[in-house]
Amino acid sequence: SLRIDTVISRLININRDKAKDMIKNKLVTVNYNILTKYDYILKEGDIFSIKRLGKYKYIGIIKNTKKDNYIIRIDKYV
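A few points on the structure. This structure is a prediction, so every number in the text was calculated from the model and none was measured.

## Considering the packing of helix H1 (residues 4-12) against helix H2 (residues 16-24)
Then step 1. Contact geometry for H1 and H2: axes closest at 8 Å, N-to-C directions at 115 degrees. Regarding the angle of H1 to H2, the classification is roughly perpendicular. In the packing of H1 onto H2, the handedness of the crossing is right-handed. Residues Ile4, Asp5, Thr6, Ile8, Ser9 and Ile12 of H1 touch H2, and the partners they reach there are Arg16, Ala19, Lys20, Met22 and Ile23.
Then step 2. Broken down by class, the residue content of the contact of H1 with H2 amounts to six nonpolar, two polar and three charged.

Given below as structure tokens:
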């Protein structure tokens with residue numbers, strides 16, 4: 001899924017409930033705006049940051065797997 005809570009949970013290795021809590025606590029921004037909805041769907045070129053953990057850019061879907069999951073590319077700003 002391209003939902004922001006799912007992507008964050010896989011990116012920093014936490015469960016989705018903790019990712020939702022981070023969004024509720026206003027620790028996540030998307031395109032420099034504080035995110036309020038945990039079901040936001042990422043679009044190509046979106047820049048999101050997680051306070052104290054980094055800034056990332058969603059590039060896009062690379063391919064679909066046989067089980068219909070996505071392999072996506074996310075770049076981290078250094």
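## Notes on the pattern of salt bridges
Then step 1. One pass over the structure, following the stated rule, counts three salt bridges.
Then step 2. For arginine 3, the salt bridge goes to aspartate 5, with nearest N and O atoms at 2.9 Å.
Then step 3. Taking the shortest distance from any N to any O, the salt bridge between aspartate 5 and arginine 16 comes out at 3.3 Å. With aspartate 5 in helix H1 and arginine 16 in helix H2, this residue pair connects regions lying eleven residues apart in the sequence.
Then step 4. Through salt bridges with shared partners, one network takes in Arg3, Asp5 and Arg16.

## Here we look at the sheet that holds strand E2 (residues 33-34)
Then step 1. Strand order in the open sheet made by the five strands is E2-E1-E3-E4-E5, with antiparallel pairing throughout. Every interior strand has two partners, whereas the edge strands, E2 and strand E5 (70-76), have only one.
Then step 2. Here strand E4 (residues 54-64) pairs with E5 via seven bridges, running antiparallel. Residue tyrosine 58 lies in a different strand from E5, and its bridge partner there is isoleucine 74.
Then step 3. Against the sheet, H1 contacts strand E1 (28-30), strand E3 (47-50), E4 and E5, and its axis sits at roughly 60 degrees relative to E3.

Scoring rules and cut-offs
- The residue numbering used here restarts from 1 in each chain and proceeds along that chain's sequence as written.
- The model is predicted, so local features are restricted to residues of pLDDT at least 70 and side-chain atom pairs to those at 80 or more, both for listing and for counting; the totals for chains, interfaces and linings are taken over all residues.
- Neither water nor hydrogens contribute to the side-chain values; these are computed over all heavy atoms in the structure.
- The axes are straight lines fitted to the C-alpha atoms, using for helices just the contacting stretch, and the angles between their N-to-C directions are given from 0 to 180°.
- Elements are defined by DSSP. Helices are runs of H or I of four residues or more, strands are runs of E of two residues or more, and each kind is numbered from the N terminus.
- Any angle that is under 35 degrees is reported as roughly parallel, and any over 145 degrees as roughly antiparallel; angles of 65 to 115 degrees are reported as roughly perpendicular and all others as oblique.
- Note: crossing handedness is left-handed where the near helix turns anticlockwise from the far helix by less than a right angle, and right-handed where it turns clockwise.
- Contact criterion: two residues are considered in contact whenever any of their non-hydrogen atoms come within 4.5 Å of each other.
- Throughout this entry, Asp, Glu, Lys and Arg are counted as charged residues, while Ala, Val, Leu, Ile, Met, Phe, Trp, Tyr, Cys and Pro are counted as nonpolar. The remaining residues, Gly among them, count as polar.
- For this analysis, a salt bridge means a side-chain nitrogen from Lys or Arg found within 4 Å of a carboxyl oxygen belonging to Asp or Glu.
- Strand pairing follows a simple DSSP-based rule, namely that at least 2 bridges must link the two strands.

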